[in-house]
Amino acid sequence: MIELVHLKRTVVGLALAVSAGALAEEPAPASPIAEIPKKIAAGTNGVFQPGILLQGWYVFDRTNASGATPAAYANTFRARRAEVAAKGEIIPGRIAYSVMFDPARVREPANSTLTDSGGDTVTVKAFPAAGAVFQDLFITFLHPFADVSIGQFKIPVSWEGYNSSAKIVFPERSLAGSAYGDKRDLGI
């Protein structure tokens, strides 16, 4: 009886070893989806790298500020960011470029009341914030010792402000990061 149990264990162990060896020799199945390239060749030596970032805001507001019954409901959705970017190298290792625009920066104008010198009031449409669509537009001259960029780009004041909003930890930048770091300027 003991020999029969020992024989069964030996046969089962051999079967597992053979099947494990057969499984180890099988090639891994090929992925049906090829990896998407991050850069696209442009011309004979150039590189083109497109990019897009879409972020939205949804606000459900149930307030009763006036004391009316029932409370007023407000559902709001708007595109917070719609950044479309393209960057690459015109001459590899020598000249690079970057262009980024954000059509969501142009917001609906709000009514603003102005008083002229005669005391008359006039209602005009005014944008609540900067209405510039182009955010970044610069050319970079690449060199082993230094890269020199000319154009409009973010100023390197804070990590949070300098990086893309897709890379920050929270949904919005901090007050200090927004006030000092998330700015663009013309320059070299």
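Residues numbered from 1 in each chain as written. Predicted model: local features only at pLDDT ≥ 70, side-chain atom pairs only at ≥ 80, totals over all residues. Heavy atoms only, no water.

(A) Here's a closer look at the overall build of the protein chain. Across its full length, the protein chain holds 3 helices and 9 strands. Counting from the amino terminus, helix and strand elements in the protein chain follow one another as α-β-β-β-β-β-β-β-β-α-α-β. For the protein chain, the proportion of contacts with a sequence separation of at least 24, taken over those separated by at least 6, is 46%. Element-wise, carbon and sulfur atoms account for 64% of the exposed surface of the protein chain, whose accessible area totals about 14,600 Å². (Helix = DSSP H or I, 4+ residues; strand = E, 2+ residues; numbered from the N terminus. Contact = heavy atoms within 4.5 Å. Areas by Shrake-Rupley, 256 points an atom, 1.4 Å probe, with all protein chains shown as cover.)

(B) Fine view of the environment of Gln49. If you trace the backbone, Gln49 turns up in strand 2 (residues 46-63). Taking C-alpha positions, Gln49 is 4.7 Å from Lys39, a pair spaced 10 residues apart along the chain.

(C) Quick peek at the side chain of Arg173. Take Arg173: it is sitting in the loop between helix 2 (159-162) and helix 3 (175-181). A relative accessible area of 10% means that Arg173 is categorised as buried. (Buried < 20%, exposed > 50% of the residue type's maximum accessible area, 1.4 Å probe, protein only.)

(D) Local environment of the packing of aromatic side chains. One pass over the full model with this rule turns up 2 aromatic pairs. For the pair Phe138 and Phe153, a centre-to-centre distance of 5.5 Å together with 80 degrees between the ring planes defines the contact as edge-to-face. Of this pair, Phe138 sits in strand 7 (residues 134-141) while Phe153 is found in strand 8 (residues 148-154), placing the two residues 15 residues apart along the sequence. On the basis of relative accessibility, which here comes to 18%, the residue Phe153 falls in the buried class. (Phe/Tyr/Trp six-rings, centres within 6.5 Å; stacked < 30°, edge-to-face > 60°.)

(E) Spotlight on the environment of Val124. In this fold, Val124 is placed in strand 6 (residues 121-126). Residues Val124 and Leu114, 10 residues apart in the sequence, show an inter-C-alpha distance of 7.5 Å.

(F) Examining the confidence of the model for the protein chain more closely. Overall, the prediction assigns the protein chain a mean pLDDT of 76, with 70% of residues at 70 or greater. Within the protein chain, the lowest mean pLDDT, 51, falls on helix 1 (residues 2-25), and the highest, 94, falls on strand 4 (residues 95-101). (pLDDT = per-residue confidence, 0-100.)

(G) The side chain of Lys154, seen in detail. Of note, Lys154 is situated in strand 8. If near-sequence neighbours (up to four positions away) are discounted, Lys154 is found in contact with Asp136, Gly161, Tyr162, Asn163, Ser164, Arg173, Asp182, Lys183 and Arg184.

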